[in-house]
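These are the residues of each chain, in order.
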Amino acid sequence: MELSSTEPSSSEPSYDEKEAAEVLLCFKQAEDLLYLKHKKLDPLIAAALEETKSNKIRQGTKSKKIRQGLAGSNHGVLGQQAKPQPQPRPEKPAAKPQLRPRLEKPAADTFFDTYEPPEIPPVVGLDGLIGKCSKPFEKQLTSSDVRPDQSRLTMNKADVVRCLLPLLNREEENPCQGIKVKTYDMQGNEYDMAFKLWASKVYVLTTGWKNFFIKHGLIENEDFVTIWMFRNLQTNKLCFVISSRRLPIYEPIKRRRG
């Protein structure tokens, strides 16, 4: 018994047959070209062939330019896509403003924190000369206290009444008329000043105060001065002692009224 072939029959030519047919066609076209090359053509036919040739050349040139243009366009697009775009920097969170310390001085307190100055000021050169001495009190310097054209240190009336006035000899020493005093810093330097009551409500140290605050470089708000009054044992005259300290405070401290 004969077995039938498992491969399906096909009427289409094989790959080898197609390739052979293309080779034969090329030979045929080559023969035609050789024939036309040596044959004298009719002028009309020759002109038609030349026109066809020119059209083919123009079409080929145009197609080449189009392909080049598309290639350049694609290259530009790819180049733009490949170029890294700058990334926006993340914004830093806004810094929170630092709040300056706000302190309130109780009416009954003499100082602005736990600071406790000595009862007797330790001034260089005044050993044995300090007689009766007032209780010390502290004052935060204001802008007017350190103005050269003002030249006066204002003092809180309650502090003056409580600490300074008990030392006065009321018959001879009247702040309304002004009392000449010697004022010392902690190094024993001496400044001539006057202790006065202005307009029956503001107690001040004036005259030599300008020299004092300029020499010590005192500034408003940050500098706090401690004030003592004492009576000199040799002269029996009223004198002042002023010391200073600087705190990280940049605005006036409110003081409650008692």
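Before reading on, note that the structure itself is shown above.
Residues numbered from 1 in each chain as written. Predicted model: local features only at pLDDT ≥ 70, side-chain atom pairs only at ≥ 80, totals over all residues. Heavy atoms only, no water.

## Some words on helix α3 (residues 157-164)
Among the residues of α3, D159, V160, C163 and L164 are the ones counted as buried. Across the axial projection of α3, the buried residues extend over an arc of 100°, all falling on one side. For α3, the capping residue at the N-terminal end is N156, with a side-chain oxygen 2.9 Å from the backbone nitrogen of A158. (Buried < 20%, exposed > 50% of the residue type's maximum accessible area, 1.4 Å probe, protein only. Helix = DSSP H or I, 4+ residues; strand = E, 2+ residues; numbered from the N terminus. Arc of directions from axis to C-beta. Polar contact = N/O pair within 3.5 Å; in protein donor to acceptor, adjacent residues only side chain to side chain.)

## Comments concerning the pattern of salt bridges
By the definition in use, this model includes 10 salt bridges. Notably, a salt bridge pairs E138 with R245, separated by 2.6 Å at the nearest N-O pair. Placement of E138 in strand β3 (residues 137-140) and of R245 in strand β9 (residues 238-246) is noted, with a sequence separation of 107 residues between them. The residues E138 and R245 share a single accessibility class, namely buried. Across the salt bridge formed by R147 and D149, the nearest N and O atoms sit 2.6 Å from each other. Overall, the relative accessible area of 37% leaves R147 in the partly exposed class. (Salt bridge = Lys/Arg side-chain N within 4 Å of Asp/Glu carboxyl O.)

## A look at the nonpolar core
Ranked by internal contacts, the top residues of the largest apolar core, which has 29 residues, are M155, L164, F195, L205 and W209. Elements with a contribution of two residues or more to this core: β4 (152-155), α3, β5 (179-184), β6 (190-198), β7 (202-207), α4 (209-215), β8 (223-232) and β9. Looking at which element gives the most residues to this core, the answer is β6, with four residues. Among residues more than four places away in sequence, those in contact with L205 are S151, R152, L153, M155, V181, M193, A194, F195, F240 and I242. In terms of nonpolar packing, the next biggest core, distinct from the first, is built from 10 residues, V123, L126, F230 and V241 among them. (Core = buried A, V, L, I, M, F, W, Y, C linked by side-chain atoms within 4.5 Å. Contact = heavy atoms within 4.5 Å.)

## Considering a negative patch on the surface
Together, D16, E17, E19 and E22 make up a negatively charged patch on the protein surface. For E17, the location among the structural elements is in helix α1 (residues 15-38). Since its relative accessible area comes to 47%, E17 is described here as partly exposed. (Patch = residues over 30% accessible without salt bridge, like charges linked within 9 Å, V, L, I, M, F, W, Y side chains within 5 Å. Areas by Shrake-Rupley, 256 points an atom, 1.4 Å probe, with all protein chains shown as cover. Lys, Arg positive; Asp, Glu negative; His and termini not counted. Charge placed at Lys NZ, Arg CZ, Asp CG, Glu CD.)

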